[in-house]
Amino acid sequence: MQLIAFAFRNLFRNLRRTLTITCTIALGAGALFCFDGFIQGIQEDFKENTIRAHSGNGQFHIAGYRDTAHSDPSAHWIGNYRELHHFLEEQQGVDHIFPRVSIQGMLTHGKQSVAGRGQGIDAEEESSFFTGLDIVEGHPLTDESNGILLGTGLAKAIGVSTGDSLRLYTKSLSGKIRKKDLYVVGLFETGNADFDNHVFRMQLLTAQSLLGTNLVESVAVGLSDHIYWDELSANLETTFPYVEGSSFAELNKIWYQHSMDWLDAQYQIVQIIILSIVLLGIVNTISTSILERKQELGNLRDNGESVWDVMRLVCYEGVFLGFFGGILGLLLAYLAAKGMLYQGVLMPPGPGQTKQCLIKFLFYPSMAFQALLLSMSSALLASLLASIKICRMSIAEQLRSF
């Protein structure tokens, strides 16, 4: 304990040197912490946009439906939806339940005709959850029985805007051609070009009427927190063995999961670069500082201190410097991110996206611990290497003038 106290007091013997080393460590720890928070913010924004604009936290289908091409897909739709709905209502974390059907059709307006992929939805229920569907014109689809909500790209291709009428031609499950006159209540944008250019939304009952069925293709859920998904999926599959659940990441593997994998790989590469720069900077600064003190350390050995005691003293000082520098860096990075950049950073559209996104820094305690541990480890490593180099010198060599 006496050696630790001595090491702590040594920090104040040369404040200029201590401040220089502390600032070097703080810069490295802060940069790593801030970059980590930025990447976490991007991933969280991507996750929320995927959940709130596309699939909810997950969906349930008849087992094998998604992985198999069926000649008659409707034969594998859910027939006992009411029973399934009642079960989901009783599960922890379930805030919303969204029955859906897919409907393919030709949208016509005047002389313009465009094929689209439709979603028959419980519009009133979905309007309160799917906030990732940015309504750029008009309003969300709620209780309008003949209303239709179009992606911006699809609306542009047809040449319609809010309030315009159009006609939907589709084929029922029995093969009959059916048509329905609808009017545009609004236009949405998710940032996913493929989705916005081809998808329209209409009332579930209207879609079922056109298809000639009362079945639902899938049941999506909106959870209060995604941590409930695994337990919910397991419980439902146990109670209804013929049903399987797919999380939002599985449902959006190309759009979401591949993007997350790409971001993780990019982050690891950049992290290695930052770590290398930080480590080199810290090691160089601390090593230079310790080598400048070789006469002082030589005096300690000349007064009877062992090589081991000198090395421990230097390493304790390094740990203290790493700790204080890391704390300073984390504090400055956090204040900068939550102060000057509290509104977030506006980023240009990413790959496959069409709209900008506002990224807010997102920090977790584990990230702070990791950055602090790195600072202390780097400082300890630098101190150890420098102390070994000095202790290999003879006492006379250490006491020699520069």
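See the structure shown above.
Figured I'd write up the structure that's included with this text. (Residues numbered from 1 in each chain as written. Predicted model: local features only at pLDDT ≥ 70, side-chain atom pairs only at ≥ 80, totals over all residues. Heavy atoms only, no water.)

1. Comments concerning the nonpolar core
Logical step 1: Counting 60 residues, the largest nonpolar core has Ile25, Phe33, Ile286, Ile290 and Leu297 as its most contacted members.
Logical step 2: For this core, the leading source of residues is helix α2 (residues 15-55), giving 10 residues.
Logical step 3: Not counting the four nearest positions on each side in its chain, Ile290 is found in contact with Leu297, Val314, Ser383, Ala386 and Ile390.
Logical step 4: Ranked by size, the runner-up nonpolar core spans 23 residues in total, among them Val101, Ile148, Leu168 and Leu182. (Core = buried A, V, L, I, M, F, W, Y, C linked by side-chain atoms within 4.5 Å. Buried < 20%, exposed > 50% of the residue type's maximum accessible area, 1.4 Å probe, protein only. Helix = DSSP H or I, 4+ residues; strand = E, 2+ residues; numbered from the N terminus. Contact = heavy atoms within 4.5 Å.)

2. Some words on the pairing of strand β2 (residues 94-109)
Logical step 1: Pairing of β2 with strand β9 (residues 218-223) involves six bridges; the strand directions are antiparallel. Bridge pairing links Arg100 to Ser218 in β9.
Logical step 2: When β2 meets strand β3 (residues 112-121), the two strands line up antiparallel, connected through 10 bridges. Each residue of the ladder has a partner; that of Thr108, found in β3, is Ser113.
Logical step 3: Counting the residues between successive antiparallel strands, the hairpin from β2 to β3 contains two residues, one of them, Gly110, with a positive phi of roughly 65 degrees.
Logical step 4: The pairing of β2 with strand β6 (residues 165-171) spans four bridges and is antiparallel. Bridging from a neighbouring strand, Thr108 pairs with Arg167 of β6. (Pairing = 2+ DSSP bridges.)

3. Remarks on the packing of helix α12 (residues 307-338) against helix α13 (residues 365-391)
Logical step 1: Two numbers describe how α12 lies on α13: the axes approach to 7 Å, and their chain directions differ by 150 degrees. Considering the angle they form, α12 stands roughly antiparallel to α13. Between α12 and α13 the crossing geometry is right-handed. Of the residues in α13, those in contact with Val307, Val310, Met311, Val314, Cys315, Gly318, Val319, Gly322, Phe323, Gly326, Ile327 and Leu330 of α12 are Ala368, Ala371, Leu372, Ser375, Met376, Ala379, Leu380, Ser383, Leu384, Ser387, Ile388 and Cys391. (Axes fitted to C-alpha atoms, helices over the stretch in contact; angles between N-to-C directions. Parallel < 35°, antiparallel > 145°, perpendicular 65-115°, else oblique. Left-handed = near helix turned anticlockwise from the far one by under 90°.)

4. A closer look at the packing of α2 against α12
Logical step 1: Close contact between α2 and α12 brings their axes to 7 Å; oriented N to C, the two are set at 50 degrees. Taken as axis vectors, α2 and α12 run oblique relative to one another. Of the two possible hands of crossing, α2 and α12 adopt the one that is right-handed. Contact residues: Thr18, Ile21, Thr22, Ile25, Ala26, Ala29, Gly30, Phe33 and Cys34 in α2; Leu321, Gly322, Phe324, Gly325, Gly326, Leu328, Gly329, Leu330, Ala333 and Tyr334 in α12.
Logical step 2: Per-class residue counts for the contact of α2 with α12 are 12 nonpolar, seven polar and no charged. (Nonpolar A, V, L, I, M, F, W, Y, C, P; charged D, E, K, R; others polar.)

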